[in-house]
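# What the coordinates show
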Amino acid sequence: MATADVLKPDFANRRSHFIFTDDHNQLRESIRRFVIKELQPHAEEWEETTFPDWVFERMGELGFLGLDKPVEYGGQGGDYYTSLVLAEELVHAHCGGLGMGVAVQTDMTIPPILKFGTEEQKQQWAVPAIAGKKILCLGITEPDAGSDVAGIKTRAVYDAAAGEYVINGSKTFITNGHRAHCIVLVTKTDPDAGYDGFTLLLVPMDAPGVIREKRLQKLGMHASDTALLAFQDVRVPCSAVLGQVGKGFYHIMWELQGERLIGAAGSVAGAQHVFDRTLAYAKERTAFGRPIGRFQAIRHKFAEMATKIETARQMVYSTAWRFENGEYPVREITMAKLYAARIAVEVADECIQIHGGNGYMKEYGIERSWRDLRLNRIGAGSDEIMLEVIGRSYGL
Ligand SMILES: Cc1cc2nc3c(=O)[nH]c(=O)nc-3n(C[C@H](O)[C@H](O)[C@H](O)COP(=O)(O)OP(=O)(O)OC[C@H]3O[C@@H](n4cnc5c(N)ncnc54)[C@H](O)[C@@H]3O)c2cc1C
């Protein structure tokens, strides 16, 4: 056998997945450069203050808020994978709340406006949001209804004489709620119509009667702002209806698919990030005369974590491929969201363990990763709701 025929494992080779082209890889590099140079240095400060609005402006200027959005609305016209690349690279800001605040803009609010909005609505909200000049938030959850979206109570009553909707109610846990210029608001317009009784409204946050009641304090994601909002006799014209009157429930279920898939991508990237940091630590930290990574018990933890991360990544990428190719793979999106969120928390937890006491210290930032990632098992639909969606998809 010639020497050239001897095959050796290429562990050091960093392959890109087949869904990504050279263009995606270049985009990845340029986003990473921007994140490390302009965002990461502020991570500690933004944990205290929340990240500033200029981040949206700067990212808009660089085209990062519209990577997969149509060119005619100021986007870059890229495929869905460009959005995945952004979500993945934002983890290098080491500031989970920032990634979440940006994802609310790019993957939760702009998409329904582009999908269901009128031309006027797209020009009014989507175009400046892609440019980073306007900030958006999404209002589904209420103090009395989160998982049970159909149980929301915020009412929008049509005042025929004025040709306006009058909104009363409250929303909670609203990301970007303090800084946003507009909220994509889920309301109940016909309490007797079941799932056909919901309507989405685009409500300017400076409309009289919109009250930013409280800045909520959280376990993690400290760089994001999270609001409790009240709506007291807020009036909006019929032109504020997003999509069809009475079809808001179905519209928001569509929106949630994109939110869950990008959330899954963020979970995988977050898990990889904390894994990489911990791997470096395990190679340097010594105990009993050797690097701790050389203990079989620790080595196996890395092996388990790496396998879980890779499994979750493959689920996200193959689901993204189906999504990009015109399918609506709700079951797979749900599985990817569930699995990625779970393993990310498991990985972060193990990484704290591998860091020992240092893992418990703020200075090392590993506990922050755990706190930030923990949200993914709750937000955008909890684990239990994901299991319900998957289970029911089999006719049970
Ligand atoms: C930091 C943060 C940011 C958020 N950002 C936003 C945002 O921008 N916009 C927005 O609208 N919402 C947002 N949310 C809300 C989030 O989506 C909800 O918290 C989530 O959907 C769960 O709803 P809930 O908190 O009301 O929990 P609940 O619905 O009260 O659930 C409580 C528990 O009961 C379980 N449960 C509920 N129903 C079932 C069932 N049928 N079967 C089994 N178990 C069940 C749940 O899984 C959970 O464990 C955010 C939340 C957080 C924490």
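Bear in mind the structure is a predicted one, so any value in this text is a computation, not a measurement. (Residues numbered from 1 in each chain as written. Predicted model: local features only at pLDDT ≥ 70, side-chain atom pairs only at ≥ 80, totals over all residues. Heavy atoms only, no water.)

## With respect to the overall build of the protein
Worth spelling out the cut-off: For helices the rule is a DSSP run of H or I covering at least 4 residues; for strands it is a run of E covering at least 2, with both sets numbered from the N terminus onward. We compute the radius of gyration over the C-alpha atoms and compare it with the globule rule, which gives 2.2 Å times the number of residues raised to the power 0.38. Three exposure classes are used, based on accessible area relative to the maximum for each residue type with a 1.4 Å probe and protein chains only: buried under 20%, partly exposed in between, and exposed over 50%.
Regarding its fold elements, the protein presents 12 helices and 10 strands. The C-alpha radius of gyration of the protein comes to 22 Å, within 12% of the 21 Å expected for a compact globule of 396 residues. Here the C-alpha coordinates of the protein stretch approximately 85 × 50 × 45 Å along the principal axes. Expressed as a percentage of its 396 residues, the buried residues of the protein come to 51%.

## Observations concerning the site of the ligand
The cut-off we apply is this: Here a residue is near a molecule or strand as soon as one of its heavy atoms is found within 4 Å of it. Throughout this description, a polar contact denotes any pair of N or O atoms lying within 3.5 Å of each other; where both atoms belong to protein, one of them has to be capable of donating a hydrogen while the other can accept it, and for residues adjacent in sequence the pair is counted only when both atoms sit in side chains. Only the protein chains shown count as cover for residues, with accessible areas throughout obtained via the Shrake-Rupley method and a probe of 1.4 Å.
As a matter of local geometry, the ligand sits amid 17 residues, with Thr141, Ser147, Phe173, Ser382 and Glu384 nearest to it. Within the side chain of Thr141, an N or O atom sits 2.7 Å from a nitrogen atom of the ligand. Contacts to the ligand include Thr175, whose side-chain N or O atom sits 2.9 Å from a nitrogen atom. Starting from 970 Å² of accessible surface for the ligand in isolation, the protein chains cover 63%. Elements represented by at least two residues in the shell around the ligand include exactly β1 (136-139), β3 (164-175) and α12 (383-392). Looking at the shell around the ligand, the element that brings in the most residues is β3, giving 3 residues.

## Observations concerning the packing of aromatic side chains
Basically, it comes down to this: Any Phe, Tyr or Trp ring, taking Trp's six-membered ring, that has another such ring centre within 6.5 Å forms a pair; planes under 30 degrees apart are called stacked, those over 60 apart edge-to-face, and the others tilted. Throughout this description, the term charge over a ring refers to an Arg CZ or Lys NZ atom that lies within 6 Å of the ring centre and within 35 degrees of the ring normal.
The final tally for this structure, using the stated rule, is 14 aromatic pairs. Between Phe116 and Trp254, the aromatic rings sit 5.3 Å apart at their centres with planes inclined by 80°, giving edge-to-face as the arrangement. Taken together, the residues span a long stretch of sequence, with Phe116 in helix α5 (residues 96-116) and Trp254 in helix α7 (residues 248-284) at a distance of 138 residues. An aromatic cluster of at least three residues, connected via ring pairs, comprises Tyr195, Phe198, Phe249 and Tyr250. Positioned above the aromatic ring of Phe51, the side-chain terminus of Arg179 is 4.0 Å from the ring centre. Lying over the aromatic face of Tyr394, Arg331 brings its terminal NZ or CZ to 3.8 Å of the ring centre.

## What about the packing of helix α4 (residues 80-89) against α7?
Rules: To obtain an axis, a line is fitted to C-alpha atoms, over the contacting stretch when the element is a helix, and the angle between two such axes runs from 0 to 180 degrees between their N-to-C directions. Any angle that falls under 35 degrees is termed roughly parallel, while one over 145 is termed roughly antiparallel, one within 65 to 115 roughly perpendicular, and all others oblique. For any helix crossing, the convention is left-handed if the near helix is rotated counterclockwise from the far helix by under a right angle, and right-handed if that rotation is clockwise. Note on contacts: a residue pair is in contact if any heavy atoms of the two residues lie within 4.5 Å.
Across the interface, α4 lies against α7 with an axial gap of 8 Å and an inter-helix angle of 45°. Between α4 and α7, the crossing angle belongs to the class labelled oblique. The handedness of the crossing between α4 and α7 is right-handed. Of the residues in α7, those in contact with Tyr80, Ser83, Leu84, Ala87 and Glu88 of α4 are Gly258, Leu261, Ile262, Ala265 and Ala269.

## Let's talk about the side chain of Thr106
By the secondary structure assignment, Thr106 is in helix α5. You can call Thr106 buried: its relative accessible area is 3%. With sequence-adjacent residues up to four places away left out, Thr106 is seen in contact with Phe64, Leu65, Lys69, Leu86 and Pro111.

## Details of the layout of surface pockets
The cut-off we apply is this: Note on definitions: the grid is 1 Å and covers protein atoms alone; a cavity is a set of points where a 1.4 Å probe fits but cannot get out; a pocket is an open set with protein on both sides within 12 Å along at least five of seven lines; lining residues have an atom within 4 Å of a point. Grid points are joined across faces, edges and corners, and a volume is the space filled by probe spheres set on the points. Throughout, the ten residues Ala, Val, Leu, Ile, Met, Phe, Trp, Tyr, Cys and Pro are labelled nonpolar, Asp, Glu, Lys and Arg are labelled charged, and all others, Gly among them, are labelled polar.
When its volume is computed, the second largest pocket comes out at roughly 1200 Å³. Where the lining of the second largest pocket is concerned, the elements lending two or more residues are α1 (22-39), α4, α7 and α8 (296-324). With 7 residues, the top contributor of residues to the lining of the second largest pocket is α7. Residue composition of the lining of the second largest pocket, grouped by class: 11 nonpolar, 8 polar and 11 charged.

## A look at the pairing of strand β7 (residues 226-237)
Along a regular strand, successive side chains alternate from one face of the sheet to the other. Defined as follows: Strands are labelled as partners when DSSP assigns at least two bridges between them.
Pairing of β3 with β7 involves 9 bridges; the strand directions are antiparallel. Paired with Ser170 across the two strands is Ala230, which belongs to β7.

## Some remarks on α12
The line we're drawing: An arc is given here, and it is the one of the directions from the helix axis to the C-beta atoms.
Burial in α12 covers these residues: Asp383, Met386 and Ile390. Seen from one end, α12 has its buried residues packed into an arc of 60°, which puts them on one side. In α12, those exposed residues whose orientation departs by more than 90 degrees from the buried face are Glu384 and Arg392.

## What to know about the pairing of β1
Residues Leu136 and Leu138 of β1 are buried on one face, and the alternating residues Cys137 and Gly139, pointing to the opposite face, are buried as well. Pairing of β1 with strand β4 (residues 182-188), which is carried by 4 bridges, proceeds in the parallel orientation. Bridge pairing links Leu136 to Cys182 in β4.

## So, the pattern of salt bridges
Cut-off, in case you're wondering: Salt bridges are identified by distance alone: a Lys or Arg side-chain nitrogen within 4 Å of an Asp or Glu carboxyl oxygen.
For the coordinates displayed, the defined rule picks out 24 salt bridges. Linking Arg58 and Glu61 is a salt bridge whose minimum nitrogen-to-oxygen distance equals 2.5 Å. Of this pair, Arg58 and Glu61 both sit in helix α3 (residues 54-61), 3 residues apart, which is roughly one turn of that helix. Classification of Arg58 as partly exposed rests on a relative accessible area of 23%. Owing to a relative accessible area of 60%, Glu61 belongs among the exposed residues under this scheme.

In short, the description is geometric, and any link to function would need to be established separately.
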